[in-house]
Amino acid sequence: MQSLTTLGLKLPTDPRWVNIAEMNLEDILIDHAFCEQKAASSCISLIVRYPEKEKLVETLTPVVAEEWGHFQRVLKEMRKRGYKLSHKRKDEYVEKLQGCLQKTSDYNTRLMEQLLLCALIEARSAERFKLLSENIADEGLKKFYHELMISEAGHYRNFIELAEEYTPKEVVRTRWLELLEQEAAIMKTLEIRKDRFH
């Protein structure tokens, strides 16, 4: 049986990814910057779509600020190394996850699906931040990624708790386990890319 990894993920990241990432820091930092942009945008979209959900608005408003702060911090790390932001890249990982979501007209089910998608992305990001913080040689980036790991793990909990706020816990738990299995299957199909964070 596959052992569980960070935040319940069913399949750990291929250990080769850390070495490839370290050898291609410019590409990884550029893609990471876009990931932080998208994380902030996703939270804004949820607030715009579900403004009457007071707990959601209250919880995600500071997350927007934190994710944008992470984007600014990634830019700072890039500037230190003389790297510049380039064009946004296609995120095959997120696209495949979106394909797993239930197609439904039910308002609250759609919300649960979006929240659990965000939770999955945060969980995988936290796992990769942990790997980087423990394995790369750059001491400044070790500390940086350790701090981000803690933050992303907190965001993961935010999304799970919000899903349980608006949908019965047993429904959320069942669906979460299904999505974890689907995410693991996706991870098996994705090649290790030197220019992608996920």
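So, here is what we can say about the structure in this document. (Residues numbered from 1 in each chain as written. Predicted model: local features only at pLDDT ≥ 70, side-chain atom pairs only at ≥ 80, totals over all residues. Heavy atoms only, no water.)

**Focus on the overall build of the chain**
Heads up, the condition is: In this description a helix means any DSSP run of H or I spanning at least four residues, a strand means any run of E spanning at least two, and both kinds are numbered starting from the N terminus. With C-alpha atoms as the basis for the radius of gyration, the globule rule is written as 2.2 Å multiplied by the number of residues raised to the power 0.38. Computed with the Shrake-Rupley method and a 1.4 Å probe, the accessible areas treat only the protein chains shown as cover for residues.
Within the chain one finds 7 helices and 0 strands. In the chain, the order of α-helices and β-strands from amino to carboxyl end is α-α-α-α-α-α-α. Computed over the C-alpha atoms, the radius of gyration of the chain is 17 Å, within 12% of the 16 Å expected from 2.2 N^0.38 for a compact globule of 198 residues. The principal-axis extent of the C-alpha atoms belonging to the chain is close to 45 × 40 × 25 Å. Surface exposure of the chain reaches about 10100 Å², of which carbon and sulfur atoms provide 52%.

**Let's talk about the environment of Leu60**
We count it as follows: Contacts are residue-level and defined by heavy atoms, with any inter-residue pair within 4.5 Å sufficient.
Structurally, the position occupied by Leu60 is in helix α3 (residues 54-80). Residues Leu60 and Leu162, 102 residues apart in the sequence, show an inter-C-alpha distance of 9.5 Å. Once residues within four sequence positions are removed from consideration, Leu60 is found in contact with Cys43, Leu46, Ile47, Phe159 and Leu162.

**Section: helix α1 (residues 16-23)**
For the record, the criterion: For each residue, the accessible area found with a 1.4 Å probe, counting protein chains only, is set against the maximum for its type, and the residue is called buried under 20%, exposed over 50%, and partly exposed in between. It is the directions from the helix axis to the C-beta atoms whose arc is reported.
Within the span of α1, buried status applies to Trp17, Val18 and Ala21. Along the axis of α1, the buried positions cluster into a sector of 100 degrees, meaning they face one direction only. With respect to the buried face of α1, the exposed residues turned more than 90 degrees away are Arg16 and Met23. For α1, the elements touching its buried residues are α2 (25-49) and α5 (107-135).

**Overview of the nonpolar core**
This is how it is decided: Remark: nonpolar core denotes a set of buried residues (Ala, Val, Leu, Ile, Met, Phe, Trp, Tyr, Cys) joined through side-chain atoms within 4.5 Å.
By size, the foremost hydrophobic cluster in this structure holds 38 residues, and its most contacted members are Leu46, Leu56 and Leu60. Those elements that provide at least two residues to this core are α2, α3, α4 (92-98), α5, α6 (139-166) and α7 (169-189). A per-element tally of this core places α5 first, with 10 residues. When near neighbours in sequence (up to four residues on either side) are disregarded, Leu46 contacts Leu56, Leu60, Leu111, Gln114, Leu115, Cys118 and Phe159.

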